[in-house]
Amino acid sequence: MCSIIGYSGNEVAAPIIVKGLKRMEYRGYDSVGVATESNNQIELKKGIGKVNEVNSKIQLDTLPGKTGIGHTRWATHGKVTEFNAHPHPSNSGKIAIVHNGIIENFEELKKQLENEGYNFKSETDSEIIANLLQKNYESTKNVKETILKTVSEIKGDYAFVAMFENGQLAAARFHEPLIVGIGQENVFLSSDVLGFIEYTDNVIYMKNRNIIILDKKDFQILDFNGKNTEYEITKVSKEFGDVYKGDYAHFTLKEIYEQPDVILKSGEKTIGDIEKAVDYIKNAKNIYITGSGTSYNSALIAKQILSKYVKIKSEPIISSELQFSPEIIERDSVLIAISQSGESADVLEAVRIAKKLNCKIISIVNLLTSSLVRKSDITLGMNCGPEIGVAATKSFTAQLTILYKIVQKLSNNITIDFEKFAESILKIIENPVKIQKIAKELKNVSDIYILGRGINYPIAIESALKLKELTYIHAEGIPGGELKHGPLALMDSNVFVIIINPNDSTYADTLTSAREIKARGAKIIGVSDIESDLYDYWIEIPKIKEILYPISEIIPIQLLSYYSALEKDTDPDYPRNLAKSVTVK
Ligand code: F6R
């Protein structure tokens, strides 16, 4: 998963491209590169590392010319090396490409091209596109014909931008995002509006199987058969440009601190749709809830609160698993798809399967411009602003807040005072000193177990995910009652256990588990509104309604993960090997 960008206009391209890449770094960040055209010659620079690191080493932003392409890579085919970084030039050096996605038939195409004398410098599937374009351009001498022929030959999911030595740009989209930004004197092609939002808010969301041919700032959009297609120019909200850290050391910290506000704002823009969603849920034959990673953990909580508070049964499904047992889904049901990005390939695949079975799709999404929104019957917007830190924090709280709002509307007797709740969350984050101290203790720990029961079990899993991502410490969420069925064997004085233990119906049993763990010498961090001698460290959470505990439990763990990452000197915003939205299966 990567980000691609193309620029054509009347300003020097490279600095604009580098800035755009920096903003899209959340999509992938192991290497970066830029190519520009000037005086009918393509120049190219690329390197390993993050945008700023590579730029300060090799000055990507000094490349000349007013047309260019750029890329940040998250390795899928081939290791993290300079050769594997994009842009990839064709053998003649007269064409360069950037690509996001996967070319499934690349081995077959590579063999064919090698037999015809082409050679390949990288291990990527992407380099195929560059040489295939060269071959087709040599025979057609026409950019449009070249792109059409090339897309008819490659198989897979992709968005790519190609730059020709005459300064023409062309791009194609098939199942990966590609957005056109239209400025006064320039045009952008990008994986995300963040790539160009500073310059224009006029955009075209390219449809699948569409290509675009640019000549300076004039463009033509065609389908894969070469026919002109209709397109719509829409305006995106400028708030998407609000991606600066401000006074915070990291985006992750900023996003954790935004959560009281998120509780107030989530779902605000979608109240009308909530009514409609509630209607679908009330009348659904079956309800399935799907997501990946953190969004799946929200689905687990959704199941519990729907059954406990409004007696509605639902089944959470890990998105990536559905393709292996699609028979789980009964025709004509309702699928609730939860996704911050709205671009996770696994979630989109789950939605595709459900739609084939005539299910209605309700999505809970942050990026309202995403593919998932276009595939949904109803969308509830998380409205939490751009989440740049790779680990999901405020989007989890936004998802849960929307689910609470749904439950509130379905029930006759649940009323949630979101303002009061937001105030109590503020109290948790106002004074992180205690959490910072505990983070120091975790610096050399190799295993952390997190225990929770009932509605708190998904929080144990989500806590483990946050700790893994941010600190690289092995962490595992365990349902409290399962301790004695196996994990107790692991408890000794080298281990830390976090006990999620609010004063709800699970309290007494979880305290018993804490006692059993303590007896084996493990250190205990209690996350609770009640203090106990059993805890070596106590993280106090507010006394609130049972339904609201999950958010108040996860926020201190997000902070603990963040501060432990600082202790371990890992980058909390960009954990190794991960990308913000995983658009490959
Ligand atoms: C965890 C995390 C990932 C995402 C997952 C789904 O901190 O960020 O597990 O939750 O990749 O992403 P979305 O919600 O964009 O579909």
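Relevant structure appears above.
Report follows, based on the coordinates. (Residues numbered from 1 in each chain as written. Predicted model: local features only at pLDDT ≥ 70, side-chain atom pairs only at ≥ 80, totals over all residues. Heavy atoms only, no water.)

## Some thoughts on helix H18 (residues 549-567)
Turning to step 1, where the next piece is worked out: Compared with an ideal rise of 1.5 Å per residue, which puts 19 residues at 27 Å, H18 spans 28 Å between its outermost C-alpha atoms and is within 8% of the ideal.
Turning to step 2, where the next piece is worked out: The buried count for H18 comes to 17 of 19 residues, which makes it a mostly enclosed element.
Turning to step 3, where the next piece is worked out: Directly beyond the C-terminal end of H18, a positive phi value near 65° is found at Asp-569. (Helix = DSSP H or I, 4+ residues; strand = E, 2+ residues; numbered from the N terminus. Expected span 1.5 Å × (residues − 1). Buried < 20%, exposed > 50% of the residue type's maximum accessible area, 1.4 Å probe, protein only.)

## What to know about the sheet that holds strand S1 (residues 3-9)
Turning to step 1, where the next piece is worked out: With respect to topology, eight strands assemble into an open sheet ordered S3-S2-S4-S1-S10-S9-S11-S14, the strand pairing being antiparallel. Taken across any chain shown, the strands that pair with only one partner, and hence form the sheet edges, are strand S3 (41-48) and strand S14 (234-235).
Turning to step 2, where the next piece is worked out: Against the sheet, helix H2 (residues 51-58) touches strand S2 (31-38), S3 and strand S4 (67-73), its axis set at about 120° to S3. (Pairing = 2+ DSSP bridges. Contact = heavy atoms within 4.5 Å. Axes fitted to C-alpha atoms, helices over the stretch in contact; angles between N-to-C directions.)

## Focus: the layout of surface pockets
The gaps of empty space that remain are located by a probe, the size of a water molecule, rolled over the atoms.
Turning to step 1, where the next piece is worked out: Volume-wise, the largest pocket comes out at about 720 Å³.
Turning to step 2, where the next piece is worked out: Along the walls of the largest pocket sit 37 residues, with Ser-292, Gly-293, Thr-294, Leu-465 and Glu-469 positioned nearest its centre.
Turning to step 3, where the next piece is worked out: For the lining of the largest pocket, the secondary structure elements donating two or more residues are helix H9 (293-310), strand S17 (334-339), helix H11 (345-356), helix H13 (394-410), helix H16 (457-471) and strand S21 (474-479).
Turning to step 4, where the next piece is worked out: Among the elements that line the lining of the largest pocket, the one with the most residues is H16, at six residues.
Turning to step 5, where the next piece is worked out: Residue composition of the lining of the largest pocket, grouped by class: 14 nonpolar, 16 polar and seven charged.
Turning to step 6, where the next piece is worked out: Two domains each put at least three residues into the lining of the largest pocket: domain 2 (245-416) and domain 3 (430-570).
Turning to step 7, where the next piece is worked out: For the second largest pocket, the lining is made up of 24 residues, of which Asp-157, His-175, Ala-345, Leu-348 and Lys-375 are closest to its centre.
Turning to step 8, where the next piece is worked out: Secondary-structure elements contributing two or more residues to the lining of the second largest pocket are strand S6 (95-103), H11 and helix H12 (371-374).
Turning to step 9, where the next piece is worked out: No other element matches H11, which puts six residues into the lining of the second largest pocket.
Turning to step 10, where the next piece is worked out: Built from parts of two domains, the lining of the second largest pocket gets at least three residues from each of domain 1 (3-241) and domain 2 (245-416). (1 Å grid on protein atoms, 1.4 Å probe; cavity = no way out; pocket = protein on both sides within 12 Å on 5 of 7 lines; lining within 4 Å. Points joined across faces, edges and corners; volume = space filled by probe spheres on them. Nonpolar A, V, L, I, M, F, W, Y, C, P; charged D, E, K, R; others polar. Domains from an automatic or database assignment.)

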